[in-house]
Every structure is written in structure tokens, then in C-alpha cells.
Amino acid sequence: METLKEKTAKGLFWGGMNNFTMQFVGLIFGIILGRLLTPDEYGMMAVISVFPLIAAALQDSGFTTALANMKAPEHKDYNAVFWFNLIVGVSAYVVLFFCAPLIAAYNHNDALIPLCRYAFLSLIVVGFGTAQSAYLFKHLRVDQKAKSSMTAVLTSSIVGVVMAWLGCSYWSLATQGIVYVTVNTLFLWHYSPWHPTWEFDFSPIRRMFGFSYKILATTITTHINNNILNVLLGHYFSQREAGYYNQAYQWDFKGFSLIQGMISQVAQPVLVDLREETGRQLNAFRKMMRFTAFISFPLMFGLSLVAREFIVLALTDRWLASARLLQVLCLGGSVMPLCTLMSNLIISKGKSDIFLGVTLALGIVQILLMVGLWPYGVRTMVVVYTVVNVVWLFVWHRFTRRLSGYRLRWLLADVVPFALAAAAVMGLTYVTTEGISNLLLLLVSRILMAAVLYYIVMKTARVKILDECVNFIRDKIRHRK
């Protein structure tokens, strides 16, 4: 029987493997698609991206989180969630099918009507796998979820690239999304020992709804927050401007979700298990915060450092406008995994109302600011959007402290040293390599120098997290031998 510490380590390992593989595959195929497709074609999918996300949130309705927060969910709980999700998925698709002309009118582009009706088919497919995903998540079977998503992202990426190469334009991006959810759902069914039965008892839904509807509202608000610029740029500017921003956002997202996804796979189940032991829970949470900061700041600051040369070399200089936006977005992306971790602690305390309130407040502030700032241009909107996300780290902390006693000085001690070290390393690397004119040499030099310098700083400072990561990797290698 694995201990909680062993399950957590295993979960972090497989969560990291999953996210690394997904982001690496996304990197390779994202580069290929960026070369095959134009900013206008990317913009076509960008302006409608928020709608399937909202519909998928309605479909899940927060029940995955509700099941994870239950001590011992039964078959009838999973079964009710399965049938509910399937019904809502079909209903959501029907609604969006008839709303497609309205979406097209808002973006001044009739070509969006058939694209919406095709791309949103994924809502029906994903409904078949939500309960299975919740079962694997609850039981910390991160390796099986990882294998499902890794296979799905590889398969869908290949399909998307082949279609783009054949000249299918933005239809290749829409098909890529449908293939991903289809393959992932099939593998979730394969790995999950739980399967639905023909029993239509929705009483568990009513019991869970008091908790889950707040998660639902929060998830919808989060999707709107993350995609507000995609929505507004397509309306106020053009699909091309939306495409430039979306390309930058996708690379920023790949960066911070590498850490965020790894932590999220284990944070909530572990924190729920320790809910009755406040001291142990706080210690585990602080360790997760230090680990997240240790990884997040150098990764995201580093991506900002090499954004221009990376984008130009990988996607050609027609995407240079995206590089400028990416440099800014990465600064905000560095704190996103930390905010997610604090929100997981809040949820583990059963306070989904606080989770909803903080996220909703963020959404209102962002929407008001973005609508007011659009006359000043896209870059101004992106800068303010980034600043708000950084400031919101301290809003999350206020409620985390109230529920767990996590003091501000502890937050600063856990996070700031890694942020300062990463910023100093990137600054020194930038100044040292500024004179290199060859873009490829500049990219490689900056990556290698920043990585070596950060390792030296961490080793010199005798950072415990570094030693634990190195020892864990060594143990894994020995175990495989």
C-alpha cells in the first residue's frame, strides 16, 4: 500500500511527464501549424474558443471537483454524473448550433457559422468521459490519465498538421480539437474500472449541486477571464489581431500549464486527505508552493527572455507581433500556477463560494478594464491584463490565510527568493548575450546560460527543493535499471 507521500511523488512525476509530453508535442506541432497557417486562420478559431470551453464547463458542472472532495463516492454518484454530463453536452451543442449566426454577426464574419457548428461537436464526445476522468482523478491514477492525454494530443496533432498541409486551413484546427477529445475519451474508458449502468437516479446530483454549482460558475468565469482578449479583439479589431494574440497566449499557456497541470493532478486530492490535520496540510501546501515557484519563475521568465528569437525562428517573422505580446504575457503566466495552488487549498476546505467570489471579481475587473482600454491598442490591453493577474496573487493569498493561517511573510519567503533569482539570472543572461546577432546562436546561448546560472544560484543557496528533485530523479533512474 502506497503512502500519501509516495502517491504524491508518483502523481507529481506522472503529472510532470504528462504535461511535459503534451507541451513538447504541442511545441513541435505548434511550430509546424504556425508555419502552415496564417494569423487570420488562427484568429478564426481564437474568436470562438471560449464558447466550447463554457459549454464544457456547463457539462461538467463542477461535479468532477465535487466527487474528488467526497470522502468515498459510490457507483450511483459517478453514474448520475455520467448521465447528467451526457444530457447537458447534447443540449449545449444544440443551443450553440442555433447560436452560431449570432457569434458570426458579433465577429462580422459569416464563415464562422459552419465552423462553429463543426467545432462544437466535441461537446457531445467529451460527455462520455467526464465521470471516468473523475474516477481516475479521485483515486490519484495520474499515470493512466497521463497516458490517455499523451496519446490523444499526439494523435490529434498529427491529424491537424496533415490537414493543414493538405490546405484545409482553419478546419484543421477544429478537427484537431475533435480528435483529441475522442481519443482521450476512448482511453479513459479503457483505463477506468468504473463504467455506467442504465440507472437514471439523479438524486446524487441534487446533493452535490450545492457545492458544485459554485465550481461551475468559477470555471465559466475562469474561461472568460482567460479568453476575454480573444473575444474582444475579434470584435474591436480583426481576426488577424486575434490570431496574433492567440498565438502568443497559446505559447504562454503551454509554459505555465506545464507546471500548473503537474501540480493540479495531485494538489486537491492530497490537500483533501490532509484536511483534518491542519498542520500537516499547511506544511504540504508550503512545500508545493516552493516547488511551484522553483520551477515556474525560471521557466516563464526564460520564455519571455527568448520570445523574439524563438517565435521568429520557429514560426517566421510574420508572427513577430506575437513575440512582443508573449514577452509580456509570460510575466503574468509565472504566477498562474501559484494562484491555482492557492485556489486548490481553498476548495479543499470546502469553500467553493470563496473560489467563485475571487474568480468572479477578477473577471469583472478584467472585463471592465479591457473594454475601457481597447482604444489604446492591443499591447496596452495585454500589459494591463498581465498586471492584474500578478496583483491577484495577493487577493488569493488573503483568503488562503484566512482559511489556513498561511501568513504573508511565509508567502514571500516561499515565492520571492525564486522570483528574484530567476529575474537576476535572466537579466544577466540578456546583457551578456545582447551582442549576438545570429538568432539561432542567441536562442541556444540564452537557454544554456540561463539554465546553468539558475542551477548554480540554487546550488550555492543550498535550496532544499533542488536536492529533493535531483534525488527523486536519481531514484527513478535506479528503479528503472
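Note: the structure precedes this text.
Everything in this summary refers to the structure shown in the same document.

## Brief notes about helix H5 (residues 75-106)
Thinking step 1. When the terminal C-alpha atoms of H5 are compared, their 44 Å separation across 32 residues agrees well with the 46 Å that a helix rising 1.5 Å per residue should span.
Thinking step 2. The sharpest bend along H5 measures roughly 50° and falls at Cys99, with the proline Pro101 sitting one to four residues further on.

## Comments concerning the side chain of Thr386
Thinking step 1. Relative to the assigned elements, Thr386 resides in helix H18 (residues 378-404).
Thinking step 2. On the accessibility criterion, Thr386 (5% relative accessible area) is buried.
Thinking step 3. Once residues lying within four places of it in the same chain are set aside, the contact partners of Thr386 are Val328, Leu329, Leu331 and Gly332.

## Quick notes on empty space enclosed by the protein
Thinking step 1. In the structure shown here, the tally under the stated rule is two cavities of 30 Å³ or more.
Thinking step 2. By volume, the second largest cavity amounts to about 70 Å³.
Thinking step 3. Forming the walls of the second largest cavity are Asn226, Tyr249, Asp252, Phe256, Leu329, Gly332, Gly333, Met336, Tyr385, Thr386 and Asn389.
Thinking step 4. Contributing elements (two or more residues each) for the lining of the second largest cavity: helix H12 (239-273), helix H15 (320-333) and H18.

## Let's talk about the pattern of salt bridges
Thinking step 1. Under the defined criterion, the tally for this structure stands at four salt bridges.
Thinking step 2. Here Asp40 and Arg240 are joined by a salt bridge, their closest N and O atoms 2.8 Å apart. Taken together, the residues span a long stretch of sequence, with Asp40 in helix H2 (residues 39-46) and Arg240 in helix H12 at a distance of 200 residues.
Thinking step 3. On the basis of relative accessible area, Arg240 is assigned to the partly exposed category, the value being 41%.
Thinking step 4. Two residues, Asp414 and Arg286, come together in a salt bridge whose shortest N-O distance is 2.9 Å. Here Asp414 is found in helix H19 (residues 408-433), whereas its partner Arg286 is found in helix H13 (residues 278-305), with 128 residues between them in sequence. With respect to class, Asp414 is no different from Arg286; both count as buried.
Thinking step 5. A single salt-bridge network, built from bridges that share partners, covers Arg286, Arg290 and Asp414.

## Quick notes on the packing of aromatic side chains
Thinking step 1. Applying the stated criterion across every chain yields a total of 24 aromatic pairs.
Thinking step 2. Considering the side-chain rings of Phe237 and Trp374, the 6.2 Å spacing of their centres and the 85° angle between planes classify their relative orientation as edge-to-face. Placement of the pair is Phe237 in the loop between helix H11 (203-236) and H12 and Trp374 in the loop between helix H17 (352-373) and H18, with a sequence separation of 137 residues.
Thinking step 3. Overall, the relative accessible area of 30% leaves Trp374 in the partly exposed class.
Thinking step 4. Aromatic side chains Phe355 and Trp396 sit 5.9 Å apart centroid to centroid with 45° between the ring planes, which places their arrangement in the tilted category. Residue Phe355 is located in helix H17, and its partner Trp396 is located in helix H18; the two are separated by 41 residues in the primary sequence. Grouping residues by exposure puts Phe355 and Trp396 together as buried.
Thinking step 5. An aromatic cluster is defined as three or more aromatic residues linked by ring pairs; in this entry it consists of Tyr78, Phe82, Trp83, Phe128, Trp189, Trp194 and Trp198.
Thinking step 6. The lysine or arginine in question, Arg117, covers the ring of Phe97, its NZ or CZ lying 4.2 Å from the ring centre.

## What about the side chain of Ser304?
Thinking step 1. Mapped onto the fold, Ser304 is located in helix H13.
Thinking step 2. Judged by its relative accessible area of 13%, Ser304 falls in the buried class.
Thinking step 3. A distance of 2.8 Å separates the side chain of Ser304 from the backbone oxygen of Gln327, its partner in a polar contact.
Thinking step 4. Dropping the residues within four chain positions of it, Ser304 is found in contact with Gln327, Cys330 and Leu331.

## Some remarks on helix H20 (residues 439-460)
Two residues of an α-helix separated by three or four positions point the same way, owing to the 3.6 residues in each turn.
Thinking step 1. Its 22 residues place the ends of H20 31 Å apart at the C-alpha level, agreeing with the 32 Å of an ideal helix rising 1.5 Å per residue.
Thinking step 2. Listed in full, the buried residues belonging to H20 are Leu442, Leu443, Arg446, Ala450, Tyr454 and Met458. In a view along the axis of H20, the buried residues occupy a sector of 105°, so they form one face of it. Exposed and oriented more than 90 degrees from the buried face of H20 are Leu440, Leu448 and Thr460.
Thinking step 3. Between the side-chain oxygen at the start of H20 and the backbone nitrogen of Leu440 there is a gap of 3.1 Å, and the oxygen is on Asn438.

## Let's talk about the packing of H15 against H18
Thinking step 1. Packing of H15 against H18 brings their axes to within 8 Å, and their N-to-C directions diverge by 15°. The angle between H15 and H18 falls in the class roughly parallel. Pair H15 / H18 crosses with left-handed handedness. Residues Arg324, Leu325, Val328, Leu329, Leu331 and Gly332 of H15 pack against Val378, Arg379, Val382, Val383, Tyr385, Thr386 and Val390 of H18.
Thinking step 2. Class assignment of the residues belonging to the contact of H15 with H18 gives a composition of nine nonpolar, two polar and two charged.

## Side note on the environment of Gly350
Thinking step 1. Structurally, Gly350 can be placed in the loop between helix H16 (336-348) and H17.
Thinking step 2. Expressed as a C-alpha distance, the spacing of Gly350 and Ala66, which sit 284 residues apart in the sequence, is 9.4 Å.

Parameters and conventions
Residues numbered from 1 in each chain as written. Predicted model: local features only at pLDDT ≥ 70, side-chain atom pairs only at ≥ 80, totals over all residues. Heavy atoms only, no water. Helix = DSSP H or I, 4+ residues; strand = E, 2+ residues; numbered from the N terminus. Expected span 1.5 Å × (residues − 1). Bend = angle between axes of the 7 residues up to and from the residue. Buried < 20%, exposed > 50% of the residue type's maximum accessible area, 1.4 Å probe, protein only. Contact = heavy atoms within 4.5 Å. 1 Å grid on protein atoms, 1.4 Å probe; cavity = no way out; pocket = protein on both sides within 12 Å on 5 of 7 lines; lining within 4 Å. Points joined across faces, edges and corners; volume = space filled by probe spheres on them. Salt bridge = Lys/Arg side-chain N within 4 Å of Asp/Glu carboxyl O. Phe/Tyr/Trp six-rings, centres within 6.5 Å; stacked < 30°, edge-to-face > 60°. Lys NZ or Arg CZ within 6 Å of the ring centre and 35° of its normal. Polar contact = N/O pair within 3.5 Å; in protein donor to acceptor, adjacent residues only side chain to side chain. Arc of directions from axis to C-beta. Axes fitted to C-alpha atoms, helices over the stretch in contact; angles between N-to-C directions. Parallel < 35°, antiparallel > 145°, perpendicular 65-115°, else oblique. Left-handed = near helix turned anticlockwise from the far one by under 90°. Nonpolar A, V, L, I, M, F, W, Y, C, P; charged D, E, K, R; others polar.

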